[in-house]
Amino acid sequence: MTTTNTDVPVTTAGAEPPQDAHPVGSARSERLSALVQQHGALAVLLIVSLVASFSFDSFATGDNISNMATGSAFLAIVALGMTFVIITGGIDLSVGSLFALGGVLAAWGSRHGTLVALLLPLTVCGLIGVVNGLLVARSRLAPFIVTLAAMLGARGLMLALTDEGADTYLIGKNSLLAELGQGSTLGLANPVWITLALFVAGAVVLRRTRFGQHVYAVGGNEDAAALMGAPVARTKILVYALSGLLAGLAGALNAAWLASGVTILGGGMELEAISAVVIGGTLLTGGLGYVSGSLVGVLLLKVIQNVINQIGSLDSSYQQVVSGAFLAVVVVAQTWLGRRRQLM
């Protein structure tokens, strides 16, 4: 009797390899595409900063770096909340107006103490964010329309509080709120430390908590997330509430930094925040995004603006031209990388 060892695979000449074998080259290409999508903005930031350091004597100075860091802090806080919203597949156009409203409320509330000055903008802007989330999640209205209405409403409320911008509320220079915005610790401005702490917390929440998993699941496929038991509506409400809360906090810190509630701020900030988030690798279609990438996106936009200011001969409008062109390139690159990864 002849026996056959079935544990040893039998191959014949000319036989094709198994169809489920994953080509090494394809796997490497997929990893490279993912790496570029996640860290491409960081590479560009490092290159631009290095070139600017050699091109302009004042770029790499301590004062200039400190000014860029402090100026980036407020936009970064807004972009952090926007990151959560965009990962779910939504959009929040109200953050610029909430930023201005938060600053005015903080300055107005400073007359009643620092605690009121901080809690008032957080409460009001957070509640507006909750309303946005309820309308998007429960009423199934388009996020673009809902947050556009909130943008107009928040701006109108801010103008009503300031008599059409005629009144400017000031913050006492010796108050605790002013120290929070204008003081520094270990050589870094307090708003920068607050921003870094918020981003660390945001990264932990997004990557290490069940809520963060739900955020990714809702953005990836809302119907599939619902079938898996994810609380889709609650997740949407929470991300819009978080976005409103952080926009109000950023406005309050900015008012503390300026020692006044300036009414003309916040215009176009929602577009800057969206640009920074997308440049940082978060997909506008949802389901994929990085908190660290959003911070890098903010820094890259601020560095580009600073470089244009360093040149001197260019008008400030070129900042928007360069930022818009860069955003278009990033979106095209993200789309191409996404399609390539799907084909692998």
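## Notes on the environment of G126
The topology assignment puts G126 in helix α4 (residues 114-137). Overall, the relative accessible area of 9% leaves G126 in the buried class. Spatially, the C-alpha atoms of G126 and A247 are 8.6 Å apart, while their sequence positions differ by 121 residues. In contact with G126, other than residues within four places in its own chain, are P121, A241, G244 and L245.

## Considering helix α11 (residues 269-279)
α11 sits mainly inside the fold: nine of its 11 residues count as buried. Within α11, the full set of buried residues consists of M269, E270, A273, I274, S275, A276, V277, V278 and I279. Positive backbone phi, at 110 degrees, marks G281, one or two positions downstream of α11.

## Comments concerning the packing of helix α3 (residues 95-109) against helix α10 (residues 232-258)
α10 packs onto α3 with a crossing angle of 50 degrees between their chain directions and a minimal axis gap of 7 Å. Relative to α10, the element α3 lies oblique. In terms of crossing hand, the pair formed by α3 and α10 is right-handed. Mapping the contact onto sequence places V95, L98, F99, G102, G103 and A106 in α3 and S243, G244, A247, G248, A250, G251, A252, N254 and A255 in α10. Residue composition of the contact of α3 with α10, grouped by class: eight nonpolar, seven polar and no charged.

## Remarks on a nonpolar patch on the surface
Together, V131, L135 and L141 make up an exposed nonpolar region whose accessible area comes to about 230 Å². Inspection of the secondary structure assignment puts L141 in the loop between α4 and α5 (143-161).

## Some words on unusual backbone geometry
In the Ramachandran plot, R140 falls in the positive-phi region, its phi being about 55 degrees despite a non-glycine side chain. With respect to the helices and strands, the residue R140 is situated in the loop between α4 and α5. For R140, a relative accessible area of 66% gives the class exposed.

So, how was this worked out
- Residues numbered from 1 in each chain as written.
- Predicted model: local features only at pLDDT ≥ 70, side-chain atom pairs only at ≥ 80, totals over all residues.
- Heavy atoms only, no water.
- Helix = DSSP H or I, 4+ residues; strand = E, 2+ residues; numbered from the N terminus.
- Buried < 20%, exposed > 50% of the residue type's maximum accessible area, 1.4 Å probe, protein only.
- Contact = heavy atoms within 4.5 Å.
- Axes fitted to C-alpha atoms, helices over the stretch in contact; angles between N-to-C directions.
- Parallel < 35°, antiparallel > 145°, perpendicular 65-115°, else oblique.
- Left-handed = near helix turned anticlockwise from the far one by under 90°.
- Nonpolar A, V, L, I, M, F, W, Y, C, P; charged D, E, K, R; others polar.
- Patch = residues over 30% accessible without salt bridge, like charges linked within 9 Å, V, L, I, M, F, W, Y side chains within 5 Å.
- Areas by Shrake-Rupley, 256 points an atom, 1.4 Å probe, with all protein chains shown as cover.
- Salt bridge = Lys/Arg side-chain N within 4 Å of Asp/Glu carboxyl O.

All quantities given are derived from atomic positions and should not be read as evidence of function.
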